[in-house]
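# Fold and geometry: a report
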Amino acid sequence: MTMEIFFGKLYVEDVSGTLKTINRIGKDTGSTIVLFDAAKIAGKPHIESAVMHAKRSFAEGKNIARTLSMEILVYASGQRQCSLAPRFGLQAGENQVYVLILDGETQRAKDEIRKLVCETEEVSAANETLKKEFDITDEELEVVGPDRIDELVLERIAMIDAWR
């Protein structure tokens, strides 16, 4: 498995049209490409965990989404419902995103995606946003400390399998 993750920004006028372009690039390069709303992502390990869980669910025939890219978003969102997962993807307007390129011709896919996404320095998600998105309580943060909120997010992703 080849995985490339980078951070960037892009302006989206038409979410559907942009997603079609991204899907075309994925199809042309044999890659799975997912763009994540960076404000809701606890760093690259969050994405890596979502990928690992999504690939395993497909391998075991336990996936709830029809596509690997949507299954990855489901896990990244910490939810069990496909309808909630798109909140973690592209939105209309200015987007700070993590870009995942999985398998296929990753370098060619990255070159094409860079025509849409301006690569920038990584920005951390706010703890308050992560608390809200992943239902993390103040009590949980008191136990582990606010600097370890990313571990609580990864725990939520792992719990999706237990909830099934």
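All values reported here derive from a predicted model rather than from experimental measurement.

Phi at Asp-103 takes a positive value of approximately 60°, unusual for a residue other than glycine. With respect to the helices, strands and loops of the structure, Asp-103 is situated in the loop between strand S3 (93-102) and helix H4 (106-113).

What follows is about helix H3 (residues 68-77). Of all 10 residues that make up H3, eight are buried, and the element is covered over most of its length. Count one or two residues on from H3 and you reach Gly-78, which has phi positive near 70°.

Relative to S3, strand S1 (residues 3-12) runs antiparallel, the two being bridged by 10 bridges. Its bridge partner lying in S3, Met-3 is registered against Leu-102. Bridge count between S1 and strand S4 (residues 118-119): two bridges; the pairing is antiparallel. Each bridged residue has a counterpart across the sheet, and for Gly-8 the counterpart in S4 is Glu-119.

Right, let's get into the sheet that holds S1. Pairing is antiparallel across the open sheet formed by four strands, whose spatial order is S2-S3-S1-S4. The open sheet has two edge strands with one neighbour each: strand S2 (32-37) and S4. The sheet strands contacting H4 are S1, S2, S3 and S4, and the helix crosses S3 at an angle near 170°.

Taking 1.5 Å of rise per residue, 16 residues should cover 22 Å, and helix H2 (residues 44-59) covers 23 Å from first to last C-alpha, within 8% of that figure. Those residues of H2 not exposed but buried are His-46, Ile-47, Ser-49, Ala-50, Val-51, His-53, Ala-54 and Ser-57.

Within the secondary structure layout, Ala-92 lies in the loop between H3 and S3. In this structure, the C-alpha to C-alpha distance between Ala-92 and Thr-18, residues 74 residues apart in sequence, is 9.8 Å.

With that settled, consider the packing of aromatic side chains. Using the criterion set out here, one finds two aromatic pairs in the structure. When the ring of Phe-7 is compared with that of Tyr-98, the centres are 5.1 Å apart and the planes differ by 80°; the resulting orientation is edge-to-face. One end of the pair, Phe-7, is in strand S1; the other, Tyr-98, is in strand S3, and 91 residues separate them in sequence. For Phe-7, a relative accessible area of 3% translates into the label buried.

What counts as what
Residues numbered from 1 in each chain as written. Predicted model: local features only at pLDDT ≥ 70, side-chain atom pairs only at ≥ 80, totals over all residues. Heavy atoms only, no water. Helix = DSSP H or I, 4+ residues; strand = E, 2+ residues; numbered from the N terminus. Buried < 20%, exposed > 50% of the residue type's maximum accessible area, 1.4 Å probe, protein only. Pairing = 2+ DSSP bridges. Contact = heavy atoms within 4.5 Å. Axes fitted to C-alpha atoms, helices over the stretch in contact; angles between N-to-C directions. Expected span 1.5 Å × (residues − 1). Phe/Tyr/Trp six-rings, centres within 6.5 Å; stacked < 30°, edge-to-face > 60°.

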